[in-house]
Amino acid sequence: MFSGSIPALVTPFAADGSFDEPAYRDFIEWQIAEGSSGLVACGTTGEAATLSYDEHFHVVRVCVDQAKGRVPVIAGAGSNDTRVASANLRAAKEAGADAALMVPPYYNRPGQEGIFRHFEALAQTTPLPIILYNVPARTVTDIQPATLARIVKAFPDVFVGVKDASGVLARVSQHRASCGPDFCQLSGNDDMALAFNVMGGTGCISVTANVAPKLCAEFQAACQAGDFVKALAYQDQLYPLHEALFTDASPGPVKYAMTKVRAGFPETLRLPMTPAGEASRAAVDAALKHAHLV
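Residues numbered from 1 in each chain as written. Predicted model: local features only at pLDDT ≥ 70, side-chain atom pairs only at ≥ 80, totals over all residues. Heavy atoms only, no water.

Draft legend 1. Region of interest: the overall build of the chain. The number of helices and strands found in the chain is 12 helices and 8 strands. The C-alpha atoms of the chain give a radius of gyration of 18 Å, which matches the 19 Å a tight globule of 294 residues would have. Within the chain, the fraction of its 294 residues that count as buried is 55%. Sequence-distant contacts in the chain: of pairs separated by 6 or more residues, those separated by 24 or more amount to 72%. Counting every atom, the chain has about 11,900 Å² of accessible surface; 54% of that belongs to carbon and sulfur. (Helix = DSSP H or I, 4+ residues; strand = E, 2+ residues; numbered from the N terminus. Rg over C-alpha atoms; globule rule 2.2 N^0.38 Å. Buried < 20%, exposed > 50% of the residue type's maximum accessible area, 1.4 Å probe, protein only. Contact = heavy atoms within 4.5 Å. Areas by Shrake-Rupley, 256 points an atom, 1.4 Å probe, with all protein chains shown as cover.)

Set out below in structure tokens:
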């Protein structure tokens, strides 16, 4: 169900900082037309940390409504409070999402037993399948391979996949060995997606796909077909963009890039996020040119 190029959608804001629903709906139509195989609403790239509870699930509802079942919608729903995470799962289901993307508790910094108990509690009541999202650089907690295997084996019908942004490629093989070759492994790093797929991954929850959905979809299709010569050519074309989109605090660079590929797309961010700086903008411009997107 979850494979290929799945953009972690940016959330467009109008100049006054409010959610720009028409721009979001138009953005989703473009993503589907360009070949994206799923959509993540209200993830990190979608500035979920600056959305109120009501805004968050309104954005998810709009995404579901616009997608109209053509591709699955995965709702960001994680929290460092297990009770809040449980409520978020119910809200994501009510909004119509097909699955939830869940980080381990951040800030609290639980140990591996605490991480397991958190997801064990969520599994008891979740109305949705869950994709685990391991991103130690942001959460300062790391779902170790043994803990991930423990979670998945305890609740195989709930935890259907992982978005792995640990940056440790060996984990693809470790997770295959412990969770089986059918366990859905999605890269959380665009720059590592080629190697991730070669080792057994099924796709990428992508930042770059916001800006280059067709190229990212074609890259993933080449990987799934086992044509890694073709996939490498796409990697070379896209790699400078993968790098440029993180030359300043995300999603500043990707929102700037969106204004270059989608006329009129709003660049507004909510504090504490700020627009990409001059050097970052220059890097994005050069990368867009290299990828033949402008």
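Draft legend 2. Inspection of the packing of aromatic side chains at higher detail. Counted by the stated rule, this structure contains 6 aromatic pairs. Taking 5.4 Å as the distance between ring centres and 70° as the angle between the ring planes, the aromatic pair formed by F19 and Y24 counts as edge-to-face. A relative accessible area of 0% places Y24 in the buried class. Here the aromatic rings of F27 and F265 are separated by 5.4 Å at their centres, their planes lie at 65°, and the arrangement is edge-to-face. Here F265 lies in the loop between α11 (252-261) and α12 (278-290) and F27 lies in helix α1 (residues 21-34), a separation of 238 residues in the sequence. Each member of the pair F27 and F265 is classed as buried. One aromatic cluster in this structure is built from F27, W30 and F265. Geometry around F116 places R150 over its ring, the cationic atom sitting 3.7 Å from the centre. (Phe/Tyr/Trp six-rings, centres within 6.5 Å; stacked < 30°, edge-to-face > 60°. Lys NZ or Arg CZ within 6 Å of the ring centre and 35° of its normal.)

Draft legend 3. Geometry of the pattern of salt bridges. Overall, the coordinates contain 12 salt bridges when judged by the stated rule. For E55, the salt bridge is made with R270, and the minimal N-O distance between the two is 2.7 Å. Of the two residues, E55 is situated in helix α2 (residues 53-67) and R270 in the loop between α11 and α12; the sequence distance between them amounts to 215 residues. The salt bridge involving R150 is made with E113; its shortest N-O contact spans 2.8 Å. (Salt bridge = Lys/Arg side-chain N within 4 Å of Asp/Glu carboxyl O.)

Draft legend 4. Structural detail: the layout of surface pockets. Taken as a whole, the largest pocket encloses approximately 700 Å³ of empty space. Mapped onto the lining of the largest pocket, the elements with two or more residues apiece are α2, β4 (99-102) and α5 (136-139). The greatest single-element share of the lining of the largest pocket, amounting to 3 residues, is contributed by α2. The residue makeup of the lining of the largest pocket, split by class, is 16 nonpolar, 11 polar and 2 charged. In terms of lining residues, the second largest pocket is bounded by 23 residues, among which R138, G188, N189, V207 and F246 are the most central. If you list the elements that add at least two residues to the lining of the second largest pocket, you get α5, β8 (203-206) and α10 (228-244). For the lining of the second largest pocket, the residue count by class is 10 nonpolar, 8 polar and 5 charged. (1 Å grid on protein atoms, 1.4 Å probe; cavity = no way out; pocket = protein on both sides within 12 Å on 5 of 7 lines; lining within 4 Å. Points joined across faces, edges and corners; volume = space filled by probe spheres on them. Nonpolar A, V, L, I, M, F, W, Y, C, P; charged D, E, K, R; others polar.)

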